[in-house]
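Residues per chain, in single letters:
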Amino acid sequence: MNIHCSPDEAKQSLVNFRDKKFRIHQKEAIEWVMGSEKKIRVVKARTGAGKSLIAMVCGVMAGDLTYLVQSRFLQLQIASDFPKTSVIWGRQNYPCLKYSTRNCNECLSTESHPCELKGSCLYPLAKKKALEASYRTLNFAYYINEISYVGRFAGNVFTVIDEADSLENVLAQSVQLSFGERTLYQLGLQDGPHRKTATAKDGLLSWREFGEIAKQRATEICNNLCREIESMGDRDDDLKLKKMKEKEHYVHIVERCDVFLGNMDKQWLYEEIPRSGSRQGQIIFRPTWLSPELSERYLFAHSQNFTLLSATFPPMPILAKLLGLDVSDIDFKELPSTFDPELSPVHIWPVANVVSKEMDIAIPKLVAAIKKIIDMHPGVHGIIHCISWKLCGEIMKGVNSPRLITHTSENRQKVINEFMNHDGIYAKDSILTSPSCERGIDLREDLARFSIICKMPYLNVGDKLVSARIYSGDLGRLWLLSDATSTVEQMAGRSTRSETDTSVTYILDAQVNKIYMEKPSLFSKAFKEQISWEENPLVDE
């Protein structure tokens, strides 16, 4: 990789940072990234390390940067901090110029009947700007779809993936093949494949026949819809939009069938998910682990250099397995934490073995411990990580305190926004009680002065993919533990966001203590330094 300038010269070109000094370890990380000879660099850096400046300075030094993040909020933050960065979102985020009630994802323009405003359409103009820019920021899923199926944004010099500990989930979803009940019915394949496992006699042959038939019939439906849409001329009604969306869906099915037929083997899984309420059932084909061929084709072939950033990563053998890489493909560096561990102690104070077969015994003990902890923190915000909706409900019911607030899946963001609003509807001593706030929430300073982790966040071993990985060997079992410990660290990190921030974390599940004693290497050095081995006051003698 050609380096165009020094770290100091690169920072000088960034208007919001030219008068600021590098934080401790930032320049060290930049020089390490730019000096590595590996295509894939992994930097483990805690919140507060200044990962975005590290990424941008490296991009300026390389003369090109594609910066991938998970959320629109982070894209806007990057664009605000680094004004030269171009932002691109999916079509649905741009309003239609012709119809005020529609967005660019509801465009009715066709090849034979193009929209007269096509030349000034906001989405293609934003995309053109991002493609021509030296620095651009995209959403994970959007980028992978673009490079894999559309063919744009590929061939970059330097790509940074922030919060890359969740990259495997996005990549795996982009290659799996799924069919909803309605689609299966329209394809005449509602019975699914003849064989339900790849390892059954003729299992792969059965799957291949199913995939080929699905592709053929989806292609026929696409062709019929194309003719029907063209026959509608320049109509602008909802029926035409419906037909165009249906065609888009079946084009997607054809693309995924191609991926499936070209890559499925005996380590792929078939899963039937039953209907639940108004949500239709579906079937899914997906790989147990991403193969090197899949990860190369759908990600790593499309940039000359990758840098993966996150506060938490599994051990490198597990990360390599998850991303279809060899350990030798990866260069790894962990930045020392600049946080004072005494400002954010972690108390591992187990009160119960919180596992499914002992839940009836564990819940009363958890409730009693939580009551004691919240009494220790009067007048301040806090957060309780419950892991599951069921446990969340039991804690809300058992603690029965007006300080505790919770949310549903529907109003989650609204409740969180109000909780984080100093002038919001909730009291100053309210405590967010949630099964789904382990990532993506920034509870700095007074937004949370304490965190309670009720349960070791193991993945559901009843899930077919999780089970297949666990039983695939020692690495699979280590992956399960590593995923859980990383999530524990993510949860603990929600309430400590800067070098001067103060908070206390309480861990109540004996499972965390057990794993720490058996495999301390799964926890980061910074997290281990935070652990305070004080006597547990939550357990009555």
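Everything below is about the structure printed above this text.
Anyway, here's the lowdown on the structure attached to this text. Owing to the predicted nature of the structure, the values given are computational and were not obtained by experimental measurement.

Rules behind the numbers
- Residues numbered from 1 in each chain as written.
- Predicted model: local features only at pLDDT ≥ 70, side-chain atom pairs only at ≥ 80, totals over all residues.
- Heavy atoms only, no water.
- Helix = DSSP H or I, 4+ residues; strand = E, 2+ residues; numbered from the N terminus.
- Buried < 20%, exposed > 50% of the residue type's maximum accessible area, 1.4 Å probe, protein only.
- Contact = heavy atoms within 4.5 Å.
- Salt bridge = Lys/Arg side-chain N within 4 Å of Asp/Glu carboxyl O.
- Phe/Tyr/Trp six-rings, centres within 6.5 Å; stacked < 30°, edge-to-face > 60°.

### What about the environment of Ile78?
By the element assignment, Ile78 lies in helix α4 (residues 72–81). The buried category is assigned to Ile78, whose relative accessible area is 6%. Residues Ile78 and Arg136, spaced 58 residues apart in sequence, show a C-alpha to C-alpha distance of 9.6 Å. Sequence-distant contacts of Ile78, that is, excluding residues within four places in its chain, are made with Tyr67, Val69, Thr85 and Thr137.

### A word on the pattern of salt bridges
Using the criterion set out here, one finds 25 salt bridges in the structure. A salt bridge links Lys98 to Glu116; its shortest N-O distance comes to 3.4 Å. Of this pair, Lys98 sits in the loop between β3 (86–87) and α5 (122–132) while Glu116 sits in the loop between β3 and α5, placing them 18 residues apart in sequence. Assessed through its relative accessible area of 36%, Lys98 is described here as partly exposed. Arg439 is paired through a salt bridge with Asp165; the nearest N and O atoms lie 2.5 Å apart. With a gap of 274 residues between them, Arg439 in the loop between β14 (431–434) and β15 (450–453) and Asp165 in the loop between β5 (156–161) and α7 (167–175) connect regions that are remote in the sequence. What makes Asp165 buried here is its relative accessible area of 19%. If you follow the salt bridges from partner to partner, you end up with Glu445, Asp446, Arg449 and Asp501 in one network.

### With respect to the packing of aromatic side chains
Per the stated rule, a full pass over the model turns up 17 aromatic pairs. Note on Phe260 and Phe285: the rings are 4.7 Å apart at their centroids and 45° apart in plane angle, and the pair reads as tilted. Taken together, the residues Phe260 in helix α10 (residues 238–263) and Phe285 in strand β8 (residues 282–287) connect sequence positions 25 residues apart. In terms of burial, Phe260 and Phe285 fall into one category: buried. Note on Trp289 and Trp479: the rings are 6.1 Å apart at their centroids and 75° apart in plane angle, and the pair reads as edge-to-face. Of this pair, Trp289 sits in the loop between β8 and α11 (292–298) while Trp479 sits in helix α17 (residues 474–492), placing them 190 residues apart in sequence. Given a relative accessible area of 7%, Trp289 falls into the buried group. Since its relative accessible area comes to 7%, Trp479 is described here as buried. Members of the aromatic cluster, each reached through a chain of ring pairs, are Phe179, Trp207, Phe210, Phe260, Trp268, Tyr270 and Phe285.

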